[in-house]
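# Geometric and topological summary
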Amino acid sequence: MILLQKLKKEQMENIQIDYGIVILNYGEEDAERLGPTKGGAEFNATKNIRDIEFDGAMGKTKGMQVIDEMDASLKFSILDTSLSTLAKTMPQADYDGVAKIIKNGAGGAIPASKYFKNITMFAKTMKGTYKKITLYNAMNESDFVLSSAPKAEGEIALEVFAHWDPEEVEENLYSIEDVTSISEPA
């Protein structure tokens, strides 16, 4: 006999469905939707846990672990190949909006202007609300690849990482919230 798992209404309502909507600098005056996206979006929060080893330990021990490092990233692909969008995804490049050209930058230290205040993904749930996932001090770190092929779209794969601000050590790296609606940028 097969037993069906009994689900609570709340569990069913909180199933995430559909694609992710990605917005740069959400809630700011310069907010803009990034897309169209293709293949959805994926949020990752990773950590490095170090076990404190001591004589007599039988293995992993409660209270004897330290989080040494935390990172957060968002992976997705965009189809928009406008120069202004491409320039935003390339921290190594300089964009001249008047001449309509992107050129490689000088290298060296990445200026603060290349980091977004935030990048936010909204993922719809069964009950019609959204999971709002925000990365702070965000920048794309994937290599830039734009390929063309017959009967296909050029997809630009991005992996945007959140970054700690050394001057604001109490700020968050990321946040996850439940929201009822999305305020689309102007």
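This write-up is about the structure you can find in this document. From a predicted model like this one, the values you see are computed outputs, not experimental measurements. (Residues numbered from 1 in each chain as written. Predicted model: local features only at pLDDT ≥ 70, side-chain atom pairs only at ≥ 80, totals over all residues. Heavy atoms only, no water.)

### Regarding the packing of aromatic side chains
Going through the model one piece at a time under the given rule, you end up with three aromatic pairs. Look at Y26 and F122: their rings are 4.9 Å apart centre to centre, the planes differ by 70°, and that puts the pair in the edge-to-face class. Separated by 96 residues along the polypeptide, Y26 in the loop between β1 (16–24) and β2 (32–34) and F122 in strand β7 (residues 116–125) bring together distant segments of the chain. Each member of the pair, Y26 as well as F122, carries the same accessibility label: buried. An aromatic cluster is present here, built from Y26, F122 and Y130 joined pairwise through their rings. (Phe/Tyr/Trp six-rings, centres within 6.5 Å; stacked < 30°, edge-to-face > 60°. Helix = DSSP H or I, 4+ residues; strand = E, 2+ residues; numbered from the N terminus. Buried < 20%, exposed > 50% of the residue type's maximum accessible area, 1.4 Å probe, protein only.)

### Some words on a nonpolar patch on the surface
On the surface, a cluster of nonpolar side chains totalling about 420 Å² of accessible area is made up of L7, M12, I15, I17 and M126. Counting through the fold element by element, M12 comes out in helix α1 (residues 9–13). (Patch = residues over 30% accessible without salt bridge, like charges linked within 9 Å, V, L, I, M, F, W, Y side chains within 5 Å. Areas by Shrake-Rupley, 256 points an atom, 1.4 Å probe, with all protein chains shown as cover. Salt bridge = Lys/Arg side-chain N within 4 Å of Asp/Glu carboxyl O.)

### A few points about the side chain of N140
The residue N140 is located in strand β8 (residues 130–140) in this model. At 2.9 Å, the side chain of N140 forms a polar contact with the side chain of S142. Here E159 takes part through its backbone nitrogen, which lies 3.0 Å from a polar atom of the side chain of N140. Excluding anything up to four places from it in sequence, N140 contacts T89, P91, L158, E159 and V160. (Polar contact = N/O pair within 3.5 Å; in protein donor to acceptor, adjacent residues only side chain to side chain. Contact = heavy atoms within 4.5 Å.)

From the geometry alone we can't say anything about function, so treat these as descriptive.
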